[in-house]
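Topology and contacts: notes
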Amino acid sequence: IKKQQQDVLGFLEANKIEFEEKDIAANEENRKWMRENVPEDSRPASGNPLPPRLFNDSRYLGDYEAFFEARENNAVYAFLGLTAPPGSKVGVHISHRKL
């Protein structure tokens, strides 16, 4: 989980995409918000969804695998729901767990 979180954060920072981290380990409200906002069809068969999970405001974008696939296909901005060119500051946030 930590490596995936670092991968997402590193990409966002390198591309100057503004984001907000929501730590779900230290903040019960953030944990509840993430669990409530991950769509039913994107949840694991058992247990709770694990971070990292990406959102644009409250719109669920996907998990690490979806992010990784979008990055491999050079489609991260579309995945993030952003139309801004690389280098501009646009806000998104991710839910994560501090390890």
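Residues numbered from 1 in each chain as written. Predicted model: local features only at pLDDT ≥ 70, side-chain atom pairs only at ≥ 80, totals over all residues. Heavy atoms only, no water.

The name given to the protein chain in an unreviewed UniProt entry is SH3 domain-binding glutamic acid-rich-like protein 1, and the organism recorded there is Eolophus roseicapilla. UniProt, in the comment section headed Sequence similarities (unreviewed entry), describes the protein chain in these words: "Belongs to the SH3BGR family." (UniProt positions renumbered as here; feature names shortened; annotations may be inferred.)

Moving on to the confidence of the model for the protein chain. Detailed reading of predicted coordinates is not advised where the pLDDT is low. Taken residue by residue, the protein chain gives an average pLDDT of 86. The fraction at 70 or more is 84%. Put simply, strand S4 (residues 92-96) is where the protein chain has its lowest mean pLDDT, 55, and strand S3 (residues 59-63) is where it has its highest, 96. (pLDDT = per-residue confidence, 0-100. Helix = DSSP H or I, 4+ residues; strand = E, 2+ residues; numbered from the N terminus.)

Now for the pairing of S3. Working note: regular strand, side chains alternate between the two faces of the sheet. The sheet contact formed by strand S2 (residues 53-56) and S3 spans four bridges and is antiparallel. Within the sheet, the bridge partner assigned to Phe55 lies in S3 and is Tyr60. The antiparallel pairing of S2 with S3 creates a hairpin that spans two residues between the two strands, and Asp57 there sits at a positive phi of about 55°. (Pairing = 2+ DSSP bridges.)

Mapped onto the fold, Asn56 is located in strand S2. Separated by 2.9 Å, the side chain of Asn56 and the backbone oxygen of Leu80 make a polar contact. (Polar contact = N/O pair within 3.5 Å; in protein donor to acceptor, adjacent residues only side chain to side chain.)

Soluble, globular proteins show a tendency: their nonpolar side chains are buried together. Core analysis: the largest hydrophobic core is formed by 14 residues, its most contacted members being Ile17, Leu54, Phe67, Phe79 and Leu80. Counting residues per element, the ones that place at least two in this core are helix H1 (2-14), helix H3 (64-72) and helix H4 (76-80). Of all the elements, H4 adds the most residues to this core, at four residues. Apart from residues no more than four positions distant in its own chain, Phe79 is found in contact with Leu54, Leu61, Gly62, Asp63, Ala66, Phe67 and Ala70. Membership of the second largest hydrophobic core comes to five residues, among which are Ile24, Met34, Val38 and Tyr60. (Core = buried A, V, L, I, M, F, W, Y, C linked by side-chain atoms within 4.5 Å. Buried < 20%, exposed > 50% of the residue type's maximum accessible area, 1.4 Å probe, protein only. Contact = heavy atoms within 4.5 Å.)

This paragraph deals with the packing of H1 against H3. Look at H1 against H3: their axes get within 11 Å of each other, and the N-to-C directions meet at 45°. Looking at the two axes, H1 sits oblique to H3. For H1 against H3, the interelement crossing comes out left-handed. Contacts between H1 and H3 involve Gln4, Asp7, Val8 and Phe11 from the former and Tyr64, Glu65, Phe67, Phe68 and Arg71 from the latter. (Axes fitted to C-alpha atoms, helices over the stretch in contact; angles between N-to-C directions. Parallel < 35°, antiparallel > 145°, perpendicular 65-115°, else oblique. Left-handed = near helix turned anticlockwise from the far one by under 90°.)

Opposite charge on two side chains makes pairing possible when the charged atoms of those side chains draw close. This structure, assessed with the given rule, holds four salt bridges. With a shortest N-O distance of 2.8 Å, Asp7 and Arg71 are connected by a salt bridge. Of this pair, Asp7 sits in helix H1 while Arg71 sits in helix H3, and the two are 64 residues apart along the sequence. For Asp7, a relative accessible area of 23% translates into the label partly exposed. The closest approach of N and O atoms between Lys32 and Glu36, which form a salt bridge, is 4.0 Å. One end of the pair is Lys32 and the other is Glu36, both in helix H2 (residues 28-37) and four residues apart, which spans about a single turn. (Salt bridge = Lys/Arg side-chain N within 4 Å of Asp/Glu carboxyl O.)

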